[in-house]
Every structure is written in C-alpha cells, then in structure tokens.
Amino acid sequence: MSTPAAGAAILAPRRSSRFVAWVRAWRAGLVPFDEVADAVAGDEEHLVADAPGTWTDVPLREALPTLAKLSPDEIRLVLPAPGDPRGLPGPGDFAGAALLAGEAVIAGALGLIPEVRVHTSGSGDTFETLLWRVYPLPANAPAASLTLPGAAEAEAVLAAALADTTAALTRLDVAQWRPELAGALEALRRPDGTTDLPPGFDPRARRLFARAAVLDRVLALAGHAAPGGAINNYEAQQRDAALRPLTAACRQALVAACNAPLRP
C-alpha cells in the first residue's frame, strides 16, 4: 500500500542530469533535436548565458547547436561536493562555480552550470527561470572522467551504502523526528522501474538512475532540520554523519548512470 511518506520520494532528477542524458542521446542520433530542449526544460523556462556566438541570454533551443559537433562521450555529468571534486577539470572559475552549485555539465571545451533565478512581477507574483551559464574550460583540462566508476560498481556501492545508512538511521530512531524518511527509505527497496532517461541507456543504467533519483529527493528531505526543532545539534550531527556516505554514493550513482555508454 502506498503511503504519503513513500509518495514524497518522487523522481526529482537534477537539472544537469536531464541535460546530460538528453543531449548525449541527441548526439548519438537516438532522439531528434526538436525534442531535446523540451525534454530538458520540462515545464520551466530555460535560458543560456555566455554561449559562444551570442551577446545576450538566449533560449536553450537556440544554444544547443553549439554542441552539435560533440560526440556523446564528450558530454558528461559532474556532481562535485566540498572535499570531493571528482570529475572537475581542475581549478578555475568553472570548478569553483560547480562546487557551489553541486552540479554541472561538461560539454567538450565548455562547462555549463544551472542557476535558478527568482523574479517578481509587477503584481507581486514570483516565478523562476533557469539559466545555464556557460564557462570556457582550461585548454589542458585533464580527462577526470576516466577515474570515475562505471554503472556496475556504482550500483554495488549504492546498495551497500543504503543498507548501512538505513541501519544507522534506525539506531538513531529516525522515525521519531522525521517519520517520512522511514517510509521513503522503504520505498527505495521497491523501485518501480520508472525512469526519466531517454532511449539508448541500458537496463542497468536505467535501474541505477531510477533508484538514485528517488534517493536524491530523500536526501534533500533528510538534510533539513525536523519541524519544531525536534532534534538538537548533537543529534543533527549524528544524522549528517549517517547520511554522508549515502549522499556520496548517490551522487556517484547519478553520474555513472547518466554518463553510461549508449546503445542503439
């Protein structure tokens, strides 16, 4: 039976993961160009700033031809974190901005980082747009992607981290201060196979992405303090320590799934 807690753990893939998956599928000839911008943006408005050959912000559809000569393997997802810069091309403006954002796209000699912009209308209503800011990458950037794990290794690491973290959260009596997490974690044990990946990704990558995308939502929920201050600072530190290995494994899994080899 579905519960509100389990239902809260919906697929909420990061914007960079959608960008990488769909643009790679386009460059592999597996989806038409006309579908890519809409698939990446969903119901949001996506603009691109500082794209080569442009002088102002342009719609995503107008900027995508900049990537038309790249192969799928030149486009990859990076999800860096403080102390874990794996996948970044070395120090510079792009690396610094990617660490702050926690996600980025590497596309050949360019890097793209999503920025959420909040606007207020004349009537006081607020709305958001998504801006992809483009950065030139260092000419001698190392091929850091060669050191990243594949989908099989990432899937094993994620499964082990999920088991360890679930046990740790049980010992911390997570249900007392964040009951929805218990249901969400249980839902992860029964992935329904739903995936947001486009054609070309094999079943392992799809399964890994589906689980990691749900888990990403759960971890975002877990990172917030419980309502009403139900835990103290010490308990919050215990929670964060328990979640840290799972958070790293989740990022690694999303990267491995989105960067996986494509097949016709």
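Fair warning: this is a prediction, and the values are worked out from it, not measured in the lab.

With that settled, the discussion passes to the overall build of the protein. What the protein contains, in helices and strands, is ten helices and six strands. The buried share of the protein, taken over its 264 residues, is 47%. Summarising the internal contacts of the protein: among those between residues at least 6 apart in sequence, 69% fall at separations of at least 24. For the protein, the exposed area adds up to about 13000 Å²; of that, 56% sits on carbon and sulfur atoms.

Another aspect to go through is the nonpolar core. Counting residues in each nonpolar core, the largest one holds 57 residues, and the members touching the most others are Phe19, Leu64, Leu67, Trp132 and Leu158. At ten residues, helix H10 (residues 233-258) tops the list of elements feeding residues into this core. Apart from residues lying up to four places away in sequence, Leu64 is in contact with Phe19, Val23, Trp26, Phe33, Val36 and Ala37. Listed in part, the eleven residues of the second largest apolar core include Ala95, Ala97, Ala104 and Tyr135.

One open sheet holds the six strands; their spatial order is S2-S1-S6-S5-S4-S3, and the pairing between them is mixed. Each having just a single partner strand, strand S2 (58-59) and strand S3 (75-78) make up the two edges of the open sheet. Two strands pair when backbone bridges link them, and strand S5 (residues 110-120) and strand S6 (residues 126-136) are joined in this way by eleven bridges, in the antiparallel orientation. Opposite His119, over in S6, you have Phe127 as the bridge partner. Across the sheet, helix H2 (residues 15-27) is in contact with S3, strand S4 (104-107), S5 and S6; its angle to S3 comes to roughly 165°.

Relative to the elements of secondary structure, Arg76 occurs in strand S3. Buried Arg76, no salt bridge; nearest opposite-charge side chain is Asp73, N-O distance 9.5 Å. One polar contact links the side chain of Arg76 to the main-chain carbonyl oxygen of Gly87, over a distance of 3.0 Å.

Quick look at helix H3 (residues 33-41) now. Every buried residue of H3 is listed here: Val36, Ala37, Ala39, Val40 and Ala41. Gly42 sits one or two positions beyond H3 and adopts a positive phi of about 65°.

In total, this model carries three aromatic pairs according to the counting rule given. Look at Phe19 and Trp132: their rings are 4.7 Å apart centre to centre, the planes differ by 50°, and that puts the pair in the tilted class. Linking Phe19 in helix H2 with Trp132 in strand S6, this pair joins segments that are 113 residues apart in sequence. In this structure, Arg27 packs its charged tip against the face of Trp26, placed 4.8 Å from the ring centre.

We now examine the side chain of Gln252. With respect to the helices and strands, Gln252 occurs in helix H10. In contact with Gln252, not counting residues within four places along its chain, are Arg86, Pro149, Ala154 and Val157.

Parameters at a glance
- Residues numbered from 1 in each chain as written.
- Predicted model: local features only at pLDDT ≥ 70, side-chain atom pairs only at ≥ 80, totals over all residues.
- Heavy atoms only, no water.
- Helix = DSSP H or I, 4+ residues; strand = E, 2+ residues; numbered from the N terminus.
- Buried < 20%, exposed > 50% of the residue type's maximum accessible area, 1.4 Å probe, protein only.
- Contact = heavy atoms within 4.5 Å.
- Areas by Shrake-Rupley, 256 points an atom, 1.4 Å probe, with all protein chains shown as cover.
- Core = buried A, V, L, I, M, F, W, Y, C linked by side-chain atoms within 4.5 Å.
- Pairing = 2+ DSSP bridges.
- Axes fitted to C-alpha atoms, helices over the stretch in contact; angles between N-to-C directions.
- Lys, Arg positive; Asp, Glu negative; His and termini not counted.
- Salt bridge = Lys/Arg side-chain N within 4 Å of Asp/Glu carboxyl O.
- Polar contact = N/O pair within 3.5 Å; in protein donor to acceptor, adjacent residues only side chain to side chain.
- Phe/Tyr/Trp six-rings, centres within 6.5 Å; stacked < 30°, edge-to-face > 60°.
- Lys NZ or Arg CZ within 6 Å of the ring centre and 35° of its normal.

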